[in-house]
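# Working through the structure, step by step
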Amino acid sequence: MAQSLPRLSENRLSPLMDGYARALAARRARSLAYSAIFFVVTALAVLAAEVDLTKFFANIGNIGSYFDRILTLENGQRVWTDPAEWFWGWKPWGRLLLDTLLIAYVGTIIGAVAGFLLCFVASANLVANPWIRSSVRRLLEFSRTVPELVFALIFVIAFGLGPVPGVLALAIHTMGALGKQFYEVVENIDMKPVEGVSSTGASWAMTVRFAVVPQVLSGFLSYALVRFEVNVRGAAVMGFVGAGGIGQDLLEAIRKFYYSDVSALLVMIIATVVIIDLISERLRHRLLSMESAR
Amino acid sequence: MTARVAEGPLGRQARQRRAELEGRYPEIFSPPLLSRAIVLALLGAALALFLFGFWQLGFSFGRMWRGLGRLGDFIPLMFPPNPETWARTEMYLWSLAETMAIAFLGTVGAAILAFPLSLFAAKTVVRSWVLRWPTRRLFNSVSGVDTLIWALIWINVVGLGPFAGVLAVMTSDIGALGRLFSEALEAADRKAVDGVTSTGGGPVSRVRFGIIPQVLPVMASQVLYFFESNTRSATIIGIVGAGGIGAHLSEQIRILEWQQVSFLVILILVTVAAIDWVSGKLRFAIMGRAPAGAAA
């Protein structure tokens with residue numbers, strides 16, 4: 001095979017090879033410069049984050065032994081030998097998990113409705129006034145940039161301990177995150193129906209209702225489902241700051257070294273999250289196929 | 001408004017043609033009863049669950065009213081944002097740098113670890129499901145646990161401080177990044193791989209020269225996205241003692257120093273906006289140069 005290609009003569013080959021080497025050298029130099037910047041930044045970050053690899057390697061055995069301990073019951077047996085003992089608290093924990101799911105659900109609904117109402121006002125193709133548009137956008141940006149736990153911390157002081165501040169914190173964050181995704185969907189719609197409806201003399205609200213909403217609803221729903229998945233994870237840690245759900249029990253179990261409880265709670269949380277993800281993925285695929293069938 | 005349209009010439013015309021229009025678009029004038037009932041039932045169920053949630057989680061008008069009143073009391077106290085002393089400002093800025101370092105190292109570490117793992121999870125690279133299935137389960141389980149939970153666990157291993165935060169960000173991102181990486185690998189064009197195979201390349205060169213050049217820009221932009229979102233999560237990781245600005249924030253909220261709180265929140269907002277801007281630029285630069293197939 002190799003013989004079938006005749007070798008180029010030396011005087012034609014050498015300029016090609018030189019050009020190749022030059023191109024390669026330029027690329028190499030650039031990659032080298034980028035790697036140098038990267039290493040400097042990494043070194044600074046290592047200093048700032050007090051990364052101590054000797055401590056890490058001295059304690060690396062702790063990782064194994066920690067997982068060993070959380071998988072051991074108090075009587076020294078492995079946890080799976082006695083599921084009844086392992087999940088002794090399944091009733092209260094199950095109830096807290098349901099609370100967690102409800103926090104995520106109610107928070108997602110409130111946030112999605114608020115984001116839905118605001119997104120049309122933030123869309124450049126529906127609202128010409130830049131002041132209205134950008135003030136709504138700034139509001140959405142603020143509510144998704146401040147971490148939800150910070151809202152939760154503040155709301156816990158205002159509304160008292162319990163799920164209420166957790167729901168409100170998730171709702172505000174969801175409003176910001178979904179509002180942005182929603183107006184991006186709205187800005188990508190087909191404008192012909194909008195022109196058609198507004199040419200009949202319909203008001204702005206009616207145009208939105210009959211020309212925009214039918215185009216965007218399925219996209220909105222699938223974004224809201226993804227956000228619900230994210231919020232289930234978020235609701236699971238709301239308890240860390242006293243804002244309801246299973247987080248409080250998990251925090252206590254980890255801090256007070258109730259080892260087997262830690263693993264039991266983690267297993268329950270992971271299972272819930274995975275199941276919710278699966279269901280939501282199914283629903284989203286169904287939405288997608290409904291959309292393409294139309 | 002409806003009235004105006006209906007009275008106008010367009011409305012009159014439409015009404016005259018109503019019978020014809022109804023015949024042509026039956027599904028718009030009288031949608032099937034069943035699908036309507038299903039939509040209504042779903043909406044009703046969603047609403048019922050929502051109301052049940054309200055009741056179960058202890059919402060009440062009195063509580064909301066009092067809470068909003070209290071919010072109204074202390075939101076004015078947040079203005080103007082004021083760190084009071086220069087020493088404090090310096091302390092806050094230092095912990096902000098720590099926050100960014102946590103996000104940076106966590107993201108880089110996660111990307112470095114997730115890449116080889118994602119090769120095992122991609123159908124196009126590893127044919128046998130024996131490796132693929134457990135790797136995917138690992139990704140899902142690891143990313144099902146929030147960063148804060150990982151932070152608590154790592155604190156038990158390496159002690160309080162930002163290093164635990166780095167490890168927490170890293171662990172929770174390995175799952176999500178690994179999943180995205182393996183999806184990118186599966187979406188890569190097979191032709192380049194076939195080309196490498198045809199020149200006699202083995203499995204390693206197939207991945208190195210056939211797949212990686214296609215997916216690297218996609219992966220880089222995903223990593224940048226994660227860096228942005230990790231800056232946000234690194235700001236709260238301090239609440240459980242894993243370093244960064246969150247420790248100050250939660251403490252100032254607990255002792256009701258509202259001017260300090262608003263100063264810290266503004267610091268966070270500015271940092272996040274700056275990081276988003278830089279990373280957006282970088283992403284654009286990377287994807288702008290990327291081959292068209294990989295960008296899709």
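This structure is a prediction, so every number in the text was calculated from the model and none was measured. (Residues numbered from 1 in each chain as written. Chains lettered and ligands numbered in written order. Predicted model: local features only at pLDDT ≥ 70, side-chain atom pairs only at ≥ 80, totals over all residues. Heavy atoms only, no water.)

### Brief notes about the overall build of chain B
Threshold: Where helices and strands are cited, they refer to DSSP runs of H or I of at least four residues and of E of at least two residues respectively, numbered from the N terminus. Radius of gyration means the value over C-alpha atoms here, while the globule rule gives 2.2 Å times the residue count to the 0.38 power. For every residue, the accessible area (1.4 Å probe, protein chains only) is compared with the maximum for its type, and the residue is labelled buried under 20%, exposed over 50%, or partly exposed between those bounds. Contacts are residue-level and defined by heavy atoms, with any inter-residue pair within 4.5 Å sufficient. The protein chains shown are the only cover counted for residues, whose accessible areas, like all others here, come from Shrake-Rupley with a 1.4 Å probe.
Along chain B, the regular secondary structure elements total 15 helices and zero strands. In summary, chain B has a C-alpha radius of gyration of 28 Å against a globular reference of 19 Å for 296 residues, an excess of more than 25%. Projected onto its principal axes, the C-alpha coordinates of chain B cover approximately 75 × 70 × 40 Å. Buried residues in chain B amount to 46% of all 296 residues. A separation threshold of at least 6 residues defines the contact pool for chain B, and within that pool the share at least 24 residues apart is 72%. For chain B, the exposed area adds up to about 15,800 Å²; of that, 70% sits on carbon and sulfur atoms.

### With respect to the packing of helix H11 (residues 190–198) of chain B against helix H12 (residues 203–236) of chain B
Residues and elements named next belong to chain B. Rule in force here: Helix axes use the C-alpha atoms of the stretch in contact, all axes being lines fitted to C-alpha atoms, and the angles between their N-to-C directions lie in the range 0 to 180 degrees. We call two directions roughly parallel when the angle between them is under 35 degrees, roughly antiparallel when it is over 145, roughly perpendicular when it lies between 65 and 115, and oblique otherwise. Handedness of a crossing is defined here by the sense of rotation of the near helix relative to the far one, left-handed for an anticlockwise turn of less than a right angle and right-handed for a clockwise turn.
Two elements in contact, H11 and H12, have axes whose closest approach is 9 Å; the angle formed by their N-to-C orientations is 155 degrees. In terms of their interaxial angle, H11 and H12 are classed as roughly antiparallel. In the crossing of H11 with H12, the sense of the turn from one axis to the other is right-handed. In contact with Ala192, Val193, Val196 and Thr197 of H11, H12 contributes Ser205, Arg206, Phe209, Gly210, Ile211 and Gln214.

### A look at the interface of chain B and chain A
Stated precisely, the cut-off is as follows: Accessible area that two parts lose when put together, evaluated with a 1.4 Å probe and summed over both, is termed the buried area. Only one rule defines a salt bridge in this text: a Lys or Arg side-chain nitrogen within 4 Å of an Asp or Glu carboxyl oxygen. Polar contact is defined as a pair of N or O atoms within 3.5 Å, subject to the rule that within protein one atom must be able to donate a hydrogen and the other to accept it, and that residues adjacent in sequence are counted only when both atoms are side-chain atoms. In this count, Pro and Cys sit with the nonpolar residues alongside Ala, Val, Leu, Ile, Met, Phe, Trp and Tyr, while Asp, Glu, Lys and Arg are called charged and the others, Gly among them, polar.
Taken together, the contacts link 64 residues of chain B with 66 residues of chain A. Roughly 5,600 Å² is buried in total at the junction of chain B and chain A, and carbon and sulfur atoms are behind 78% of that figure. Our count for the contact surface shared by chain B and chain A stands at zero salt bridges. For the pair chain B and chain A, the number of links is seven residue pairs in polar contact (both at pLDDT 80 or more). For the side of chain B that touches chain A, a count of residues per class yields 45 nonpolar, 11 polar and eight charged.

### What to know about the environment of B:Ala151
All names here are of chain B. You can see alanine 151 is positioned in helix H9 (residues 147–158). Put simply, alanine 151 and glycine 62 are 89 residues apart on the chain and 37 Å apart in space, counted from C-alpha to C-alpha. In contact with alanine 151, not counting residues within four places along its chain, are Ala168, Ile237, Val240 and Ala242.

### Structural notes on the domain arrangement of chain A
Quick note on the threshold: An automatic or database domain assignment is the source of the domain bounds shown.
What the domain assignment lists for chain A is domain 1 (2–51) and domain 2 (89–293). Relative to domain 2 of chain A, the C-alpha centre of domain 1 of chain A lies at a distance of 46 Å.

### Let's talk about a nonpolar patch on the surface
Cut-off, in case you're wondering: Patch rule: a residue counts if its relative accessible area is over 30% and it has no salt bridge; like charges are joined within 9 Å, and nonpolar side chains (Val, Leu, Ile, Met, Phe, Trp, Tyr) within 5 Å.
A contiguous nonpolar surface patch, about 290 Å² in accessible area, is contributed by A:Tyr34, A:Ile37 and A:Val41. When you line up the elements, A:Tyr34 lands in helix H1 (residues 10–48).

### Comments concerning the packing of helix H9 (residues 192–199) of chain A against helix H10 (residues 204–238) of chain A
All names here are of chain A. Axis separation between H9 and H10 bottoms out at 9 Å; the angle between their running directions is 160 degrees. Relative to H10, H9 is oriented roughly antiparallel. By crossing handedness, the relation of H9 to H10 is classed as right-handed. Contact residues: H9 offers Pro193, Val194, Val197 and Ser198, while H10 offers Met206, Thr207, Phe210, Ala211, Val212 and Gln215. Here the residues of the contact of H9 with H10 sort into seven nonpolar, three polar and no charged.

### Details of the packing of aromatic side chains
The description of two aromatic rings rests on the distance between their centres and on the angle between their planes. Residues and elements named next belong to chain A. Rules: Paired rings are identified among Phe, Tyr and Trp, the last through its six-membered ring, by centres lying within 6.5 Å, and are further divided according to the angle between planes into stacked (under 30 degrees), edge-to-face (over 60) and tilted (the rest).
One pass over the full model with this rule turns up 21 aromatic pairs over all chains. Aromatic side chains tyrosine 66 and tyrosine 259 sit 6.0 Å apart centroid to centroid with 80 degrees between the ring planes, which places their arrangement in the edge-to-face category. Remark: tyrosine 259 occurs in helix H12 (residues 259–293) and tyrosine 66 occurs in helix H3 (residues 60–70); sequence separation between them is 193 residues. Their ring planes at 90 degrees and their centres at 5.1 Å tell us that phenylalanine 116 and phenylalanine 120 sit as a pair that is edge-to-face. Here phenylalanine 120 falls in the buried class, since its relative accessible area comes to 5%.

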